[in-house]
Amino acid sequence: FEKNGMIVDVDRYMWRYACRLLSRWKKEDIFISINVSPKDFYFIDVAAEIRSLVREYGIEPSKLRIEITESFMMSDVDSKIEMFTSLQKDGFIVEMDDFGSGYSSLNVLKDMPIDVLKIDMGFVKGVESDEKTMKVLHNVINMSTDLNIVSLTEGVETKAQFDILTSMGCKLFQGYYFAKPMPAYAYNSIA
């Protein structure tokens with residue numbers, strides 16, 4: 001989908017679906033993160049599209065989180081910084097997904113308006129046994145905190161991983177330890 005540009009239509013559909021769900025769950029303390037593909041940025045006005053959806057569905061901007069990857073920021077940096085800064089001013093939360101899985105440029109962290117750093121699950125797999133992994137992860141969490149960026153660790157599958165990450169200062173978590181992916185109707189039945 002990424003190569004032929006169809007990802008733009010898929011993303012736009014998913015953004016609308018996420019807003020529709022959030023409008024049904026207004027009383028819930030829940031948010032949904034949506035992905036923005038590099039292709040989206042070149043084919044549509046991402047900021048205008050997202051703002052329009054939030055208005056249309058009457059949801060708080062902070063409930064619809066905007067998720068980007070490090071590679072997304074490797075080109076046309078100034079205009080992306082401007083766009084995400086503007087979205088933050090409107091109350092949107094910007095998340096950087098899969099940090100550490102690819103480019104891991106510290107300049108991106110230094111320059112980009114990022115609220116949440118989602119640390120790649122590859123780090124979590126070794127956190128219980130590999131001292132180097134543990135040190136790198138600890139330093140990434142500390143650096144995130146020092147930059148006033150909330151750290152979120154992906155791929156948490158055990159209580160031991162959760163305990164270690166909590167002791168390191170990680171604030172948010174994602175993974176099978178908490179819940180497996182579920183359809184929206186399943187959330188409605190447990191909410």
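Calculation criteria
Residue numbers here run from 1 along each chain, matching the order of that chain's written sequence. Whole-chain, interface and lining totals are the exception, using all residues; otherwise, since this is a predicted model, local features are given only for residues with pLDDT of at least 70 and side-chain atom pairs are given and counted only at 80 or more. Hydrogens and waters are ignored; side-chain quantities use all the structure's heavy atoms. Using protein atoms alone on a 1 Å grid, points that fit a 1.4 Å probe yet trap it form a cavity, whereas open point sets bounded by protein on both sides within 12 Å along at least five of seven lines form a pocket; residues with an atom within 4 Å of a point count as lining. Grid points are joined across faces, edges and corners, and a volume is the space filled by probe spheres set on the points. Residues are grouped as follows: Ala, Val, Leu, Ile, Met, Phe, Trp, Tyr, Cys and Pro are nonpolar; Asp, Glu, Lys and Arg are charged; every other residue, Gly included, is polar. Strand pairing is assigned whenever DSSP identifies at least 2 bridges connecting the two strands. Numbered from the N terminus, helices here are DSSP runs of H or I no shorter than four residues, and strands are runs of E no shorter than two. Should any heavy atoms of two residues lie within 4.5 Å, those residues are considered in contact. Helix axes use the C-alpha atoms of the stretch in contact, all axes being lines fitted to C-alpha atoms, and the angles between their N-to-C directions lie in the range 0 to 180 degrees. Exposure classes here rest on a 1.4 Å probe applied to the protein chains alone. A residue is buried below 20% of its type maximum, exposed above 50%, and partly exposed in between. This arc describes the spread of directions from the helix axis toward the C-beta atoms. Two rings from Phe, Tyr or Trp (for Trp, the six-membered ring) form a pair when their centres are within 6.5 Å of each other. A pair whose planes differ by under 30 degrees is stacked, one over 60 is edge-to-face, and the rest are tilted. Two conditions define a charge located above a ring, namely a distance within 6 Å from the ring centre to NZ of Lys or CZ of Arg, and an angle within 35 degrees of the ring normal.

(A) Focus on the layout of surface pockets. Estimated volume of the largest pocket: approximately 1200 Å³. Lining the largest pocket are 30 residues, and of these I30, F31, I32, Q174 and P181 lie nearest its centre. Taken together, the residues of the lining of the largest pocket sort by class into 21 nonpolar, four polar and five charged.

(B) Representation of the sheet that holds strand 6 (residues 172–173) in the model. A sheet is described by the order of its strands in space; here six strands give the open sequence 1-2-3-4-5-6, paired in parallel fashion. Of all the strands in the sheet, just strand 1 (32–35) and strand 6 have a single pairing partner and so form its edges. Two strands pair when backbone bridges link them, and strand 5 (residues 150–153) and strand 6 are joined in this way by two bridges, in the parallel orientation. For L152, the partnering residue across the bridge sits in strand 6 and is L172. Here helix 1 (residues 6–24) sits on the sheet in contact with strand 1 and strand 2 (64–69), set at roughly 170° to strand 1. Packed on one face of the sheet, helix 7 (residues 131–146) meets strand 3 (94–99), strand 4 (116–119) and strand 5 and runs near 170° to strand 4.

(C) Spotlight on the side chain of S151. On the secondary structure map, S151 appears in strand 5. Taking the relative accessible area as the measure of exposure, S151 reaches 1% and is therefore buried. Non-local contacts of S151, meaning those with residues more than four positions away in its chain, are made with L117, I119, I141, S144, G169, C170, K171 and L172.

(D) Up close: helix 8 (residues 159–168). For helix 8, the full list of buried residues reads Q161, L165 and M168. Projected onto a plane normal to the axis of helix 8, the buried residues spread over an arc of 55° and lie on a single side. Buried residues along helix 8 sit against helix 6 (121–125), helix 7, strand 5 and strand 6. Once helix 8 finishes, G169 follows within two positions and takes phi at roughly 100°, a positive value.

(E) Representation of the packing of aromatic side chains. A complete count under the given rule lists seven aromatic pairs for this structure. By way of ring pairs, the aromatic residues F162, F173, Y177 and F178 are connected into one cluster. It is R65 that lies over the ring of F31; its NZ or CZ is 3.6 Å from the centre. Against the face of F41 rests K80, its NZ or CZ located 5.2 Å from the ring centre.

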